[in-house]
Amino acid sequence: MSEPTPGPWKWHISDYSMATLEGPGGDEQRLMSVSPCKSCCNYAKSDGEPEWKWGRCMTPSEADARLIAAAPELLAAIEAALRIESLWCPNGDINPEHDEEVATLWRMRQMFTEAVARAKGAAP
Ligand SMILES: [Zn+2]
């Protein structure tokens, strides 16, 4: 399996008909493009001031688009937190004075481990 394109990822919007997610190499590093359907493009053209709008059919909402573009930074932050967790609790050792913190850290570890596995294609 190949490695994902490193971040930062940015959406480039050329006109009302297409937005492209690009890696740091810009146009040379296109990750994906999304377009509204043809009738939404025609509607955008006919309403006077054609501009891109997130959330038209076949495009993500603006919030989902921002989340997609933040994926590399989120993955890096999760991996950094997992490294810190492994240094604090190298053998799963628990200091009874810090039960609550360790339980929270353990839940975080579970969520992060699953998220990393999904991000890297090791889990559905
Ligand atoms: Zn449409």
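Residues numbered from 1 in each chain as written. Predicted model: local features only at pLDDT ≥ 70, side-chain atom pairs only at ≥ 80, totals over all residues.

With respect to the overall build of the protein
Stage number 1. Along the backbone of the protein there are four helices and three strands.
Stage number 2. Put simply, the protein runs from its N terminus to its C terminus through helices and strands in the order β-β-β-α-α-α-α.
Stage number 3. Its C-alpha radius of gyration of 20 Å places the protein more than 25% over the 14 Å reference for a compact globule of 124 residues.
Stage number 4. Along the longest, intermediate and shortest principal axes, the C-alpha atoms of the protein span 65 × 30 × 25 Å.
Stage number 5. Taking all 124 residues of the protein together, the buried fraction comes to 5%.
Stage number 6. Put simply, 46% of the contacts in the protein that link residues at least 6 apart link residues at least 24 apart. (Helix = DSSP H or I, 4+ residues; strand = E, 2+ residues; numbered from the N terminus. Rg over C-alpha atoms; globule rule 2.2 N^0.38 Å. Buried ≥ 20, exposed ≤ 12 C-beta atoms within 10 Å, placed from the backbone. Contact = placed C-beta atoms within 7 Å.)

Quick word on the sheet that holds strand β1 (residues 10-15)
Stage number 1. Pairing in this open sheet of three strands is antiparallel, and the strands run β1-β2-β3 from one edge to the other. Here the strands that pair on one side only, and so sit at the sheet edges, are β1 and β3 (30-34). Each adjacent strand pair in this sheet contributes to an overall mean axis angle of 25°, direction not counted.
Stage number 2. With four bridges connecting them, strand β2 (residues 18-22) and β3 associate as antiparallel partners. Within β3, the position partnered with threonine 20 by the bridge is serine 33. (Pairing = 2+ DSSP bridges. Axes fitted to C-alpha atoms, helices over the stretch in contact; angles between N-to-C directions.)

Thoughts on the pairing of β1
Stage number 1. Here β1 pairs with β2 via five bridges, running antiparallel. Each residue of the ladder has a partner; that of lysine 10, found in β2, is glutamate 22.
Stage number 2. Hairpin connection of β1 to β2: two residues between the antiparallel strands.

Let's talk about the environment of threonine 59
Stage number 1. Note on placement: threonine 59 falls in the loop between α1 (38-46) and α2 (62-69).
Stage number 2. Classification of threonine 59 as partly exposed rests on a count of 19 C-beta atoms within 10 Å.
Stage number 3. Threonine 59 sits 18 residues away from cysteine 41 along the chain, and the two C-alpha atoms are 12 Å apart.
Stage number 4. Ignoring anything within four residues of it in the chain, the contact list for threonine 59 reads Ala19, Val34, Pro36 and Trp54.

Section: the domain arrangement of the protein
Stage number 1. Domain annotation of the protein identifies domain 1 (10-69) and domain 2 (72-119).
Stage number 2. Using only C-alpha atoms to locate each centre, domain 1 and domain 2 end up separated by 36 Å. (Domains from an automatic or database assignment.)

Some thoughts on unusual backbone geometry
Stage number 1. Going from glycine 7 to proline 8, the amide bond is cis rather than trans, its omega being 0°.
Stage number 2. Considering the arrangement of structural elements, one finds proline 8 in the segment before β1.
Stage number 3. For methionine 58, which is not glycine, the phi torsion reads 70° and is therefore positive.
Stage number 4. Along the chain, the position of methionine 58 falls in the loop between α1 and α2.

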